[in-house]
Amino acid sequence: YELSNFFFGIRFEKQITWFLLHTNRASAKKQEVAVSLGVEIMQLEKVVARSLFLDIPITISSEMYFGRGSFSTAITDKRISVVGVGAIGSMLSESLVRSGVKNLGLWDNDVVECGNICRSSYTLKDLGDSKVNALSRHLHTISPEMVVKVHGGWKYVGPNFPTTYMGGDLYGNINYNSQENILKELEEYDIVIDCTGSNELLHFLGKSLTGKILLSLCITNHANDLLLVSSSDG
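Quick look at the structure, then. Treat the numbers as computed from the prediction; the structure is a model and nothing was measured.

Overall, the coordinates contain zero disulfides when judged by the stated rule. Cys 114 takes part in no disulfide bond, and the closest cysteine sulfur, belonging to Cys 118, lies 9.0 Å away. The exposure class assigned to Cys 114 is exposed, which follows from its relative accessible area of 63%. No disulfide involves Cys 218; its nearest neighbouring cysteine sulfur is the one of Cys 195, lying 9.1 Å away. Classification of Cys 218 as partly exposed rests on a relative accessible area of 21%.

Printed below as a string of C-alpha cells:
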C-alpha cells in the first residue's frame, strides 16, 4: 500500500525542521490514455500525480543532533583533510562526521571495487564510482550540516574508451605541477590526515606542510598493527 517515504528538511540558523512525507497507491491521480494496437483501441490508465501526506514535523538543533556523540569544538571547528579514503580513510571520515566535524576535504584518485566493500564505508551501489564522490554522498546522509570538498574524480570519454582520471595525480612524481596545486588546496585545512600508507607521500607532505597538524594512519600487513605518526614531535 505504501509507495515511498522521504524526509524534507528546512534549515534556519542552527536548526533544521524535518518533515516526513509519504504517498501511497490509493492517492494516485490517473488519466485515461487510448493506445491503438492496429486491430483495436485499448484504454489504459496513466498515473499523472500522487498526493503527499505530511506527518508531524520535527525541529532538531545542532546540539540535539550531536548531543551525546560530539567531540570538543577544538576538533569539530577544525577544517580537516583526509588523504586516501580506503579502509582507514573512509571509516575515519565517517567517524569524524558522526562526531560533529563540519568541514572535511577528501582526497583519492581511485574507484570503488568489490574488495573495498568489506573493509570500508562503501556499499554495492558505489561500485565503479570514484571513492571521493561515493564517500561524500554517504557522509551527507549522516550529517545535514556537513561541508565536503572532494579532490579526485573520474570521467568517461565514451563507450569504447577506458575510464580517464581527471584532477591530477596525487601519488605520482612529487615534482609534477599537480603536486604544487595540491599543496595550495591543502592550505585551507587545519589538520591533514594521511591514510594512504605511502612512505613517499608522507615524506613529501611532512617536508611541504609547515605550521599544520599532520597525522599519518596506516595498518601493517595482515592488519596486525595500527601505526600513528604525528608531526607534533617534528
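This part takes up the nonpolar core. Formed by 23 residues in total, the largest nonpolar core has its most connected members in Leu 104, Leu 106 and Leu 139. Among the elements of the structure, β7 (79-83), α3 (87-98), β8 (103-107), α5 (131-140) and β12 (191-194) are those that each provide at least two residues to this core. For Leu 139, the contacting residues outside a window of four places in its chain are Ser 93, Glu 94, Val 97, Leu 104, Leu 106 and Val 148. Grouped together as the second largest cluster of nonpolar side chains are 12 residues, Trp 107, Leu 183, Leu 186 and Leu 201 included.

Let's shift gears to the sheet that holds β7. On the basis of which strands lie adjacent, the open sheet formed by six strands has the order β9-β8-β7-β12-β13-β14 and mixed pairing. Every interior strand has two partners, whereas the edge strands, β9 (147-151) and β14 (226-230), have only one. Taken over all neighbouring pairs, the strand axes of this sheet differ in orientation by 15 degrees on average, direction set aside. Relative to strand β13 (residues 213-219), helix α7 (residues 199-208) is tilted by about 170 degrees, and along the sheet it contacts β7, β12 and β13.

The rules behind these values
- Here the residue numbers are simple positions, counted from 1 along each chain's written sequence.
- Only residues with pLDDT of at least 70 get local features here, since the model is predicted, and only at 80 or more are side-chain atom pairs given and counted; chain-wide, interface and lining totals rely on the full set of residues.
- Note that the side-chain values use all heavy atoms of the structure and ignore hydrogens as well as water.
- The rule for a disulfide is simple: a pair of cysteine sulfur atoms within 2.5 Å.
- The cut-offs for exposure are 20% and 50% of the maximum accessible area for each residue type, with area from a 1.4 Å probe on protein chains only; residues under the lower value are buried, those over the upper are exposed, and the others partly exposed.
- For the purposes of this section, nonpolar cores are sets of buried Ala, Val, Leu, Ile, Met, Phe, Trp, Tyr and Cys residues that join through side-chain atoms within 4.5 Å.
- Only DSSP runs of H or I reaching four residues or more are called helices, and only runs of E reaching two or more are called strands; each is numbered from the N terminus.
- Whether two residues are in contact is decided by their heavy atoms: any pair within 4.5 Å suffices.
- For two strands to be treated as a pair, DSSP must find at least two bridges joining them.
- Lines fitted to the C-alpha atoms define the axes, with helices restricted to the stretch that makes contact. Angles between their N-to-C directions range from 0 to 180 degrees.

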